[in-house]
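# Per-entry structural report
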Amino acid sequence: MKTIIKKNSIKLKFKLCNWNASYFLIKLNRMENNKKKGLLLIMSGPSGVGKGTVREKLMEDKSLNLFYSVSMTTRNMRPGEVNGREYYFVTKEDFMKQVADDNLLEWAEYVGNCYGTPRDKVEAMRNEGKNVLLEIDVKGAENVFKKVPDVVSIFIAPPSVEELRNRLRGRGTESEEVINNRVNAAAKELEYKALYKHVVINDKLEDAVEEIRQIIKRGM
Ligand code: 5GP
């Protein structure tokens, strides 16, 4: 009799243990499904406006849970750039294959080179709850606005076009001809700023970074 009771009590304990485990797994699954999808942030602005520096500063703030989407480009690598860090540097042929296979969320041609955002990586990061930052040109951004709802879009503007030219010269990475092309492109890009939810003037770096930090926090 005693052994039967003991056996039954062990069986019951085992069942309870199983139920607990199942309950825990269901809860975990629900938590995974309920995980808030990360934000999609788009930051645009003319070449030389300081997007890269603003991005680096924002990424230092871990409370923003911000992850940068590395784009693909056909432009030449600049000194100090690393393949897979600043960009995935590819041939025009490889780039067009990615376009044909519909692997890019958006892409655009900018001053003679192609740039695009790998779709899968962005989605995977957002599904993990990460806030993803795209640093893309105005035409690419316009395409994303049509496809993705609730994009947090920020246009970074220079205090003036002349200041932009000075900053590009100061960078010392482009020829005078390329600088002229980029300044001409900037004038056109500024016309797109009305499409963005937020326009931030990068006069003082720290102020611009703080303004964007607050925009992101409000969206989280
Ligand atoms: P840069 O050659 O100075 O690195 O970039 C030139 C321009 O291309 C910048 O305005 C930059 O934001 C934009 N850009 C970089 N990656 C992408 C991308 O994936 N898609 C689009 N549409 N533009 C990009």
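Described below are features of the structure shown in this document.

Cut-offs used in this document
Residues numbered from 1 in each chain as written. Predicted model: local features only at pLDDT ≥ 70, side-chain atom pairs only at ≥ 80, totals over all residues. Heavy atoms only, no water. Helix = DSSP H or I, 4+ residues; strand = E, 2+ residues; numbered from the N terminus. Areas by Shrake-Rupley, 256 points an atom, 1.4 Å probe, with all protein chains shown as cover. Pairing = 2+ DSSP bridges. Axes fitted to C-alpha atoms, helices over the stretch in contact; angles between N-to-C directions. Contact = heavy atoms within 4.5 Å. Buried < 20%, exposed > 50% of the residue type's maximum accessible area, 1.4 Å probe, protein only. Arc of directions from axis to C-beta. Near = heavy atom within 4 Å. Polar contact = N/O pair within 3.5 Å; in protein donor to acceptor, adjacent residues only side chain to side chain. 1 Å grid on protein atoms, 1.4 Å probe; cavity = no way out; pocket = protein on both sides within 12 Å on 5 of 7 lines; lining within 4 Å. Sits in = over half its atoms within 2 Å of the grid points. Nonpolar A, V, L, I, M, F, W, Y, C, P; charged D, E, K, R; others polar. Salt bridge = Lys/Arg side-chain N within 4 Å of Asp/Glu carboxyl O.

## Quick look at the overall build of the protein chain
Summing up its helical and strand segments, the protein chain has eight helices and nine strands in all. A total accessible area of about 13,300 Å² is found for the protein chain, and carbon and sulfur atoms account for 54% of it.

## Things to note about the sheet that holds strand S6 (residues 113-118)
Pairing is mixed across the open sheet formed by four strands, whose spatial order is S4-S3-S6-S5. For this open sheet the edge positions go to strand S4 (87-89) and strand S5 (104-110), each flanked by a neighbour on one side alone. On average, each strand axis in the sheet is inclined to that of its neighbour by 25 degrees, with strand direction left out of account. Judged from the six bridges that link them, S5 and S6 form a sheet pairing that is antiparallel. By the bridge assignment for S6, Glu 106 is matched with Thr 117. The sheet contacts of helix H3 (residues 92-100) involve strand S3 (71-73), S5 and S6, and relative to S5 the element is tilted by about 140 degrees. Sheet strands in contact with helix H4 (residues 119-127) are S4, S5 and S6, and its direction is about 35 degrees off that of S6.

## Side note on helix H2 (residues 51-60)
For H2, every residue scored as buried is listed here: Lys 51, Val 54, Arg 55 and Leu 58. Taken around the axis of H2, the buried residues stretch over an arc of 100 degrees, which confines them to a single face. Summarising the contacts, the buried residues of H2 are in contact with strand S1 (40-44), strand S2 (66-68), strand S7 (131-135), strand S8 (152-157) and helix H8 (205-219).

## Observations regarding the sheet that holds strand S9 (residues 198-201)
Backbone-to-backbone hydrogen bonds join strands into a sheet, with any given pair of strands oriented parallel or antiparallel. Taken in spatial order, the five strands make up an open sheet running S2-S7-S1-S8-S9, and their pairing is parallel. Strand pairing shows two members of the sheet lacking a second neighbour, S2 and S9, which therefore form its edges. Along the sheet, successive strands turn relative to each other by an average axial angle of 25 degrees, direction set aside. Taken together, the four bridges between S1 and S7 define a ladder with parallel strand orientation. Looking at the pairing, Leu 41 lines up with Leu 133 of S7. In the packing of H8 onto the sheet, contacts are made with S1, S2, S8 and S9, and the angle to S9 comes to roughly 160 degrees.

## Overview of the site of the ligand
Of all residues adjacent to the ligand, which total 17 residues, the nearest are Ser 71, Arg 75, Tyr 87, Tyr 115 and Asp 137. One of the side-chain N or O atoms of Arg 78 is found 3.0 Å from an oxygen atom in the ligand. Coverage of the ligand by the protein chains reaches 95% of its 520 Å² of free accessible surface. A molecule is said to occupy a pocket when more than half its atoms come within 2 Å of that pocket's grid points, and by this definition the ligand occupies the largest pocket. Listing elements by their share of the shell around the ligand, those giving two or more residues are S5 and S6. Residues of the shell around the ligand, tallied by class, amount to five nonpolar, five polar and seven charged.

## Some thoughts on the pattern of salt bridges
Summed over the entire model, instances satisfying the criterion amount to 14 salt bridges. With a shortest N-O distance of 2.7 Å, Asp 101 and Lys 97 are connected by a salt bridge. One salt bridge connects Glu 174 with Arg 171, and the closest N-O pair in it is separated by 3.3 Å. Given the relative accessible area of 36%, Arg 171 is considered partly exposed. Here the salt bridges share partners, and the residues they tie into one network are Asp 61, Glu 210 and Arg 213.

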